[in-house]
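# Residue-level structural notes
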Amino acid sequence: MDYLLTEEQKMLKETIAKYAQERIAPLADKIDKEHYFPEEIVKELGEMGIMGIAYPSEYGGAGMDFVSYFIAVEEISRWCASTGVIVSAHSSLVCDPIFRFGTEEQKRKYLPDLLSGRKIGSFSLTEASAGSDSGATKTTARLEGDKWVINGSKLFATNGKEASVFVLLASTDPGQKTKGISAFIIDSDTPGYRIGKLEKKLGIRGSSTAEIILDNCVVPQENLLGEVNKGFKIAMITLDGGRLGIAAQALGIARASIEDAINYSKERHQFDQPIANFQAIQWMIADMATEYQAAWLLGWRASKMKDMGLNYSTEAAMAKLKASEVASFCANKCLQIHGGYGYTEDFRAERYLRDAKITEIYEGTSEIQRLVISRAMLK
Ligand SMILES: Cc1cc2nc3c(=O)[nH]c(=O)nc-3n(C[C@H](O)[C@H](O)[C@H](O)COP(=O)(O)OP(=O)(O)OC[C@H]3O[C@@H](n4cnc5c(N)ncnc54)[C@H](O)[C@@H]3O)c2cc1C
């Protein structure tokens, strides 16, 4: 489907595919098994412009578009889904809202370090009792003089351990639910801020998932992002873009599953022939390839719509829903084609299956994507 890409996008795809195969692939096992955060890769991706790919050069970005971002996250995730989400959460969930909703001063202060990857970003919306119902946030922010005092705790912040810049949502008018939430930019060295529990996870083990504790965390008034009580809208718009990143991550896992399944089915012999000769295997591969291409087209369309300045909220939900379910489908079939060996750690199939599952959960579960899509269809 490269014919849908511009010459610049094709070149980018080739460059990242080569880099990912040479530099990320050899580390992917270590990243998974040792829960290793690939600091050296993040640094190199920063130097290559990938950590700020879709943002203007005046703030230190690479000045490319969201289709390019979508391509980059897929190519990275083809080899390592942990690295894919490190880039995606940083870019979509932190750089994007600061770029879109930040004051000029905030952009000049935060974007150059973030877009170059010198600093990592993390986004904190979820809480123990505010998951899919993210408007139920209990963390509060109270204005005292010229400072916001934030109290509460957040859960599941991707990049939470390594990040030095957080976009965090807190209630500034408790009782008003979504109409009383505001967004803040918080530096990790702010007094009253600390990291709590780090989750041990089924997959994407190189990406940290942290609890964030805010105990009278004092944030300067100028770190409010956007208008007071308008933060929930910022979060929802941010998640639209985030879903493109997760769709791309899921597509990378799906492609890895398809490629490994094809290679294995040609090499593995049973009944004196490659298992690829059996129609049962051929049909699995046909289904995987067809589902992948359908999902890719949805992801490309939503990214293109974002580039065109169109409202792409429903299309982003469709892209994320489809790609995440296709990732799990393809990873499952890949493991099946590997037979008993696929169930062992000697092959990558089991990692793909573990990594794929989270794409159906974060940045809105598949049920929530269906809710978003059906609301648009039924309005
Ligand atoms: C590894 C990981 C990384 C994450 N990274 C981040 C991050 O960086 N920042 C952040 O803020 N959050 C993050 N999250 C949180 C993630 O977005 C939430 O876990 C997710 O939105 C679901 O919320 P929940 O876990 O509370 O599930 P719940 O909301 O409790 O859902 C439980 C089940 O009920 C279903 N359900 C809930 N409401 C409805 C409904 N109205 N209709 C139908 N079904 C429904 C859900 O689909 C799900 O199947 C991360 C989570 C994980 C596991």
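Residues numbered from 1 in each chain as written. Predicted model: local features only at pLDDT ≥ 70, side-chain atom pairs only at ≥ 80, totals over all residues. Heavy atoms only, no water.

### A closer look at the pattern of salt bridges
For the coordinates displayed, the defined rule picks out 28 salt bridges. In this structure, arginine 255 engages glutamate 74 in a salt bridge whose closest nitrogen and oxygen atoms are separated by 3.0 Å. Of the two residues, arginine 255 sits in helix H6 (residues 231–267) while glutamate 74 sits in helix H3 (residues 66–79), which places them 181 residues apart along the sequence. Comparing arginine 255 with glutamate 74, the two get one shared label, buried. Across the salt bridge formed by glutamate 227 and lysine 230, the nearest N and O atoms sit 3.7 Å from each other. On the basis of relative accessibility, which here comes to 53%, the residue glutamate 227 falls in the exposed class. (Salt bridge = Lys/Arg side-chain N within 4 Å of Asp/Glu carboxyl O. Helix = DSSP H or I, 4+ residues; strand = E, 2+ residues; numbered from the N terminus. Buried < 20%, exposed > 50% of the residue type's maximum accessible area, 1.4 Å probe, protein only.)

### Examining the packing of helix H4 (residues 81–101) against H6
Look at H4 against H6: their axes get within 9 Å of each other, and the N-to-C directions meet at 155 degrees. Judged on the interaxial angle alone, H6 and H4 are roughly antiparallel. In terms of crossing hand, the pair formed by H4 and H6 is right-handed. From H4, Ala81, Val85, Ser88, Ser92, Leu93, Pro97, Arg100 and Phe101 reach across to H6, where they touch Ile234, Ile237, Thr238, Leu239, Gly241, Gly242, Gly245, Ile246, Gln249 and Ile253. (Axes fitted to C-alpha atoms, helices over the stretch in contact; angles between N-to-C directions. Parallel < 35°, antiparallel > 145°, perpendicular 65-115°, else oblique. Left-handed = near helix turned anticlockwise from the far one by under 90°. Contact = heavy atoms within 4.5 Å.)

### Observations concerning the domain arrangement of the protein
Reports often express the size of an interface as the amount of accessible area lost when the parts come together. Taken as a whole, the protein is organised into domain 1 (2–115), domain 2 (121–227) and domain 3 (233–378). Measuring from the centre of the C-alpha atoms in domain 2 to the corresponding centre in domain 3 gives 30 Å. Contact with domain 2, which involves 12 residues of that partner, is made by 13 residues of domain 3. Both sides together, the interface formed by domain 2 and domain 3 hides about 900 Å², and carbon and sulfur atoms give 74% of it. When the buried surface of domain 2 facing domain 3 is broken down by residue, Phe123, Leu202 and Ile204 rank first, second and third, together holding 48% of it. Our count for the domain 2 to domain 3 interface comes out at 2 residue pairs in polar contact (both at pLDDT 80 or more). Looking at the side of domain 2 that touches domain 3 residue by residue, the class counts come to 7 nonpolar, 4 polar and 1 charged. (Domains from an automatic or database assignment. Buried area = accessible area lost by both parts, 1.4 Å probe. Polar contact = N/O pair within 3.5 Å; in protein donor to acceptor, adjacent residues only side chain to side chain. Nonpolar A, V, L, I, M, F, W, Y, C, P; charged D, E, K, R; others polar.)

### Observations concerning the site of the ligand
Near the ligand there are 19 residues, and of these Thr126, Ser132, Phe156, Thr365 and Glu367 occur at the shortest range. Within the side chain of threonine 158, one N or O atom sits 2.7 Å away from a nitrogen atom of the ligand. Separating an oxygen atom of the ligand from a side-chain N or O atom of glutamate 367 is a distance of 2.6 Å. Secondary structure elements with two or more residues in the shell around the ligand: strand E1 (121–124), strand E3 (147–158) and helix H11 (366–378). By residue number, the principal contributor to the shell around the ligand is E3, which donates 3 residues. In the shell around the ligand, the residues fall into 9 nonpolar, 7 polar and 3 charged. Counting residues domain by domain, the shell around the ligand receives three or more from each of domain 2 (121–227) and domain 3 (233–378). (Near = heavy atom within 4 Å.)

### A few points about the pairing of strand E4 (residues 165–171)
In terms of residue burial, E4 counts as a mostly covered element, since 7 of its 7 residues are buried. In E4, alternate side chains face the same way, and those of Val165, Val167, Leu169 and Ser171 on one face and Phe166, Leu168 and Ala170 on the other are all buried. Here 4 bridges tie E1 to E4, and the two strands are oriented parallel to one another. Following the sheet pairing, phenylalanine 123 is matched in E4 by valine 167. In this sheet, strand E5 (residues 181–187) lies alongside E4 in antiparallel orientation, the contact comprising 7 bridges. Bridging from a neighbouring strand, leucine 168 pairs with phenylalanine 184 of E5. (Pairing = 2+ DSSP bridges.)

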